[in-house]
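Here is what each chain is made of, one letter per residue.
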Amino acid sequence: QVQLVESGGGLVQAGGSLRLSCAVSRSRFSINTMGWYRQAPGKQRDLVASITSGGSTNYADSVKGRFTISRDNAKNTVYLQMNSLKPEDTAVYYCNAIASLGTNYWGQGTQVTVSS
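Residue positions are given per chain, counting from 1 as you read along its sequence in written order. Totals for whole chains, interfaces and linings use all residues, but because this is a predicted model, local features are given only for residues with pLDDT of at least 70 and pairs of side-chain atoms are given and counted only at 80 or more. To obtain the side-chain values, all non-hydrogen atoms of the structure were included, while hydrogens and water were left out.

**Some words on the nonpolar core**
Here's step 1: Each nonpolar core is a collection of buried residues, namely Ala, Val, Leu, Ile, Met, Phe, Trp, Tyr and Cys, held together in the definition by side-chain atoms within 4.5 Å. Each residue gets one of three labels from its accessible area relative to the maximum for its type: buried under 20%, exposed over 50%, partly exposed in between, using a 1.4 Å probe on protein chains only. If you look at the biggest cluster of nonpolar residues, it comprises 29 residues, and the most contacted ones within it are Trp36, Leu80, Met82 and Tyr93.
Here's step 2: The way it works is that DSSP assigns letters per residue, a run of H or I at least four long becomes a helix, a run of E at least two long becomes a strand, and they are numbered from the N terminus. Within the residue set of this core, elements represented by two or more residues are β3 (18-25), β4 (31-39), β5 (46-51), β7 (67-72), β8 (77-82), β9 (91-99) and β11 (110-115).

Written as structure tokens, this is what we have:
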């Protein structure tokens, strides 16, 4: 059973920083794209950032210049460095991993709350 274990969420004041981590374990197949999504109350789950195994990145317009996604392929771990946080960044953040056969895996979610 593939597991995605997230860490690093919490409460921070506007302008502050947080770093999220997500480790993928028990995967029999290589992991291609990894990413972070977020879901605020009453809203849909949206892509925040993604990164391929080759290091190509993609960001939502709302986080460009503030968030940085990176990964350690050897550890099957993806990170999201979030700087200059805004109250509108408040959401549950979900880690996502797509295996080489196309299977989609999700983490349990971690709460990020930014106070004004």
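**A word on the pairing of β8**
Here's step 1: Taking burial as the measure, the six residues of β8 include five buried ones, the bulk of the element.
Here's step 2: By definition, two strands form a pair when at least two bridges between them are found by DSSP. Strand direction decides the pairing type here: β3 and β8, joined by six bridges, are antiparallel. In the sheet register, Arg19 faces β8, and the bridge partner there is Gln81.
Here's step 3: Two elements, β7 and β8, share six bridges in a ladder whose sense is antiparallel. Bridge pairing links Arg71 to Val78 in β8.
Here's step 4: Remark: four residues form the turn of the hairpin made by β7 and β8, two consecutive strands paired antiparallel; Asn76 in that turn has positive phi of roughly 50 degrees.

**Things to note about the sheet that holds β3**
Here's step 1: What the four strands build is an open sheet, ordered β1-β3-β8-β7; its pairing is antiparallel. The open sheet has two edge strands with one neighbour each: β1 (3-7) and β7. Averaged over all neighbouring strand pairs, the angle between strand axes comes to 15 degrees, with direction disregarded. To get an axis, a line is fitted to the C-alpha atoms, and for a helix only the part in contact is used. The angle between two axes follows their N-to-C directions and goes from 0 to 180 degrees.

**Re the pairing of β1**
Here's step 1: Residues Leu4 and Glu6 point to one face of β1 and are all buried, whereas Gln3, Val5 and Ser7, pointing to the other face, are not buried.
Here's step 2: Across five bridges, β1 lies against β3 in antiparallel orientation. When the sheet's bridge partners are listed, Glu6 is paired in β3 with Cys22.

**Let's talk about the environment of Ala14**
Here's step 1: Tracing the sequence through the fold places Ala14 in the loop between β2 (10-13) and β3.
Here's step 2: We classify Ala14 as partly exposed; its relative accessible area is 42%.
Here's step 3: Not counting the four nearest positions on each side in its chain, Ala14 is found in contact with Leu85, Pro87, Val114, Ser115 and Ser116. The criterion used for residue contact is that any of the two residues' heavy atoms lie within 4.5 Å.

**A closer look at the side chain of Thr110**
Here's step 1: Along the chain, Thr110 turns up in strand β11.
Here's step 2: Residue Thr110 is classed as buried on the basis of its relative accessible area of 11%.
Here's step 3: Any N or O atom pair separated by 3.5 Å or less is treated as a polar contact, with the protein-specific requirement of one donor-capable and one acceptor-capable atom, and with residues adjacent in sequence counted only for side-chain atom pairs. A polar contact is formed between the side chain of Thr110 and the backbone nitrogen of Gly9, at a distance of 3.4 Å.
Here's step 4: Not counting chain neighbours up to four residues away, the residues in contact with Thr110 comprise Glu6, Gly9, Leu20, Ala91, Val92 and Tyr93.

**Re the side chain of Arg38**
Here's step 1: Note that Arg38 resides in strand β4.
Here's step 2: The exposure class of Arg38 is buried, given its relative accessible area of 14%.
Here's step 3: Engagement of the side chain of Arg38 in a polar contact is seen with the side chain of Ser62, the distance being 3.3 Å.
Here's step 4: A polar contact is formed between the side chain of Arg38 and the side chain of Asp89, at a distance of 2.9 Å.
Here's step 5: When neighbours within four sequence positions are excluded, Arg38 is seen to be in contact with Gln44, Arg45, Asp46, Val48, Ser62, Val63, Phe67, Glu88, Asp89, Ala91, Val92 and Tyr93.

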